[in-house]
Amino acid sequence: MADDFPKTPLIDELEKGPWPSFVTEIKMAAKDNAAPKDLLGLLEQSYDEKICHWKHGGIVGVLGYGGGVIGRYNDLPEKYPNISHFHTMRINQPSGWYYSTEALRKVCNIWEKHGSGLTNMHGSTGDIILLGCTTDELEPTFQDLAKEGFDIGGSGSDVRTPSCCLGKSRCEWACYDTMAACYDFTQEFQDEIHRPAFPYKFKFKFSGCPNDCVASIARSDMSIIGTWRDDIRMDKDAITDYASNGMDIQKDVVDLCPGKCIDWDGKELSIDNSSCLHCMHCINAMPKALRPGTDTGACILLGSKAPIIEGAFLSSVLIPFIKMEPPYQEIKDLVEEMWDLWCEEGKNRERIGEFIQRMGMGNFLEEIGVEPVAEMVAHPRENPYVFYEEYYEEDDEEEDGD
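The sections below set out a description of the structure shown in this document. (Residues numbered from 1 in each chain as written. Predicted model: local features only at pLDDT ≥ 70, side-chain atom pairs only at ≥ 80, totals over all residues. Heavy atoms only, no water.)

Some details on the packing of helix α2 (residues 22-30) against helix α3 (residues 34-49)
Then, in step 1: Close contact between α2 and α3 brings their axes to 8 Å; oriented N to C, the two are set at 145 degrees. Residue-level contacts link F22, V23, I26, K27, A29 and A30 of α2 to P36, K37, L39, L40, L43 and Y47 of α3.
Then, in step 2: Here the residues of the contact of α2 with α3 sort into 10 nonpolar, no polar and 2 charged. (Axes fitted to C-alpha atoms, helices over the stretch in contact; angles between N-to-C directions. Helix = DSSP H or I, 4+ residues; strand = E, 2+ residues; numbered from the N terminus. Contact = heavy atoms within 4.5 Å. Nonpolar A, V, L, I, M, F, W, Y, C, P; charged D, E, K, R; others polar.)

Here it is in structure tokens:
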């Protein structure tokens, strides 16, 4: 099959240089599968014409599920028949992206049997991405994966596959068990993952500490970020060691603290924990000397998204601190309240962050029964006037006098 590869001088340029190339990987797969070979030809033609030849294929999927499969067809099926159908399957990844080599081999063997053999480990949502399958092979692929314990992930206007950082399995800064929470929410919201019923997509992402290694604050509708509410733990001897070994604590730690809550007199470090923003900078700079507190939990934020219609949003604080203990019922009840409101009042393809911006955070909080707190404020008011509602209660004597 390698002898009749299409000529691809344009995409061959992507194989030059020191970095791994997806073109090289497609060529390797094309030695044993006709679909990647046609893919090389179509990609070269797109680079030459500067035209995308892929079109959305409408609704395709597996029996009983409405999500997890993205339909793809090319508009030149006569020229590239082996990729006339080239559907993508999203497979729910294990929490923390932990695999055994045995499990990975099973997934790859199934995909080489039914699909193109091309994978993306992983998509931006977190799923295992299986690239390139014909319509008639979708169900057999799903059935073989299910026998090995794998399930379809989310796609479309549903709960997307929840993802998390490694949490307490490997990270000393984790303030709660991210993997346990991610697995719990994945099991709890199976119907919402598999059957799209929302105005648009909804993503959960779980980060164990404010370092936010899964970037939840920028790309998830609900960010659950580990934090603490007591004082930062401090080892004074270790601080002395950092200073004696040449670290400029004033320049590298104190001056860079966004909360301006750290003082260093040349011998002793002091922290005003009431002004600490829990950004983790000082802890990252001196990990042997400083650690998060012991009263740990999570901050829940809401509403981030990438720029599609209204532009990029970062999450806003919804709950400043909550203990992360199974079965997480308080959070789940809050999620249901938000979904009920969003599904009733949200517009088509309107993320919940855009919905909140349209109706106003105050109105949103009132409808879901959450009391506003100072941490929810994104920035101070831009005018000097304060507006508030006044409620007058006249007693009986005043009413009689009037």
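Considering the packing of aromatic side chains
Given two aromatic rings, their pairing is described by the distance between the two centres and the angle made by the two planes.
Then, in step 1: This structure, assessed with the given rule, holds 16 aromatic pairs.
Then, in step 2: Relative to Y328, the ring of F185 lies with its centre 5.9 Å away and its plane at 50 degrees, an arrangement referred to as tilted. With F185 in helix α6 (residues 178-188) and Y328 in the loop between β15 (316-322) and α12 (329-345), the pair connects residues that are 143 residues apart, well separated along the chain.
Then, in step 3: We classify F185 as buried; its relative accessible area is 0%. (Phe/Tyr/Trp six-rings, centres within 6.5 Å; stacked < 30°, edge-to-face > 60°. Buried < 20%, exposed > 50% of the residue type's maximum accessible area, 1.4 Å probe, protein only.)

Some details on the side chain of K305
Then, in step 1: Following the sequence through the fold, K305 ends up in the loop between β14 (296-302) and β15.
Then, in step 2: Here K305 falls in the buried class, since its relative accessible area comes to 3%.
Then, in step 3: In terms of polar contacts, K305 uses its side chain to reach the backbone carbonyl oxygen of G311, at 2.7 Å.
Then, in step 4: Residues contacting K305, with those up to four places away along its chain left out, are A218, E310, G311, A312, F313, R351 and E354. (Polar contact = N/O pair within 3.5 Å; in protein donor to acceptor, adjacent residues only side chain to side chain.)

Things to note about the sheet that holds strand β2 (residues 69-70)
Sheets are built from strands paired through backbone hydrogen bonds, the pairs being either parallel or antiparallel.
Then, in step 1: With antiparallel pairing, the 4 strands of this open sheet are ordered in space as β2-β4-β6-β5. A single partner strand is all that each edge strand has here, and the edge strands are β2 and β5 (118-121).
Then, in step 2: Bridge count for β2 against strand β4 (residues 88-91) is 2 bridges, and the pairing is antiparallel. Bridging from a neighbouring strand, V69 pairs with M89 of β4. (Pairing = 2+ DSSP bridges.)

Notes on the packing of helix α13 (residues 352-359) against helix α14 (residues 361-368)
Then, in step 1: One can describe the packing of α13 onto α14 by two numbers: an axis separation of 6 Å at closest approach and a directional angle of 110 degrees. Classified by the angle their axes make, α13 and α14 are roughly perpendicular. On α14, the residues touching I352, F355, I356 and M359 of α13 are M361, N363, F364 and E367.
Then, in step 2: Per-class residue counts for the contact of α13 with α14 are 6 nonpolar, 1 polar and 1 charged. (Parallel < 35°, antiparallel > 145°, perpendicular 65-115°, else oblique.)

Let's talk about a nonpolar patch on the surface
Then, in step 1: There is a patch of nonpolar side chains on the surface, built from L10, L14, F22 and Y47 and spanning about 350 Å² of accessible area.
Then, in step 2: Structurally, F22 is set in helix α2.
Then, in step 3: Classification of F22 as partly exposed rests on a relative accessible area of 45%. (Patch = residues over 30% accessible without salt bridge, like charges linked within 9 Å, V, L, I, M, F, W, Y side chains within 5 Å. Areas by Shrake-Rupley, 256 points an atom, 1.4 Å probe, with all protein chains shown as cover. Salt bridge = Lys/Arg side-chain N within 4 Å of Asp/Glu carboxyl O.)

Some words on the nonpolar core
Then, in step 1: Of all hydrophobic cores here, the largest spans 38 residues; its most connected members are F204 and M222.
Then, in step 2: If one sorts the elements of this core by residue count, α12 sits on top with 7 residues.
Then, in step 3: The contacts of F204, once residues within four sequence positions are left out, are V159, P162, S163, F185, F189, S220, M222, V335 and W339.
Then, in step 4: Among the nonpolar cores identified, the runner-up in size contains 25 residues, and C209, V254, C257 and W264 belong to it. (Core = buried A, V, L, I, M, F, W, Y, C linked by side-chain atoms within 4.5 Å.)

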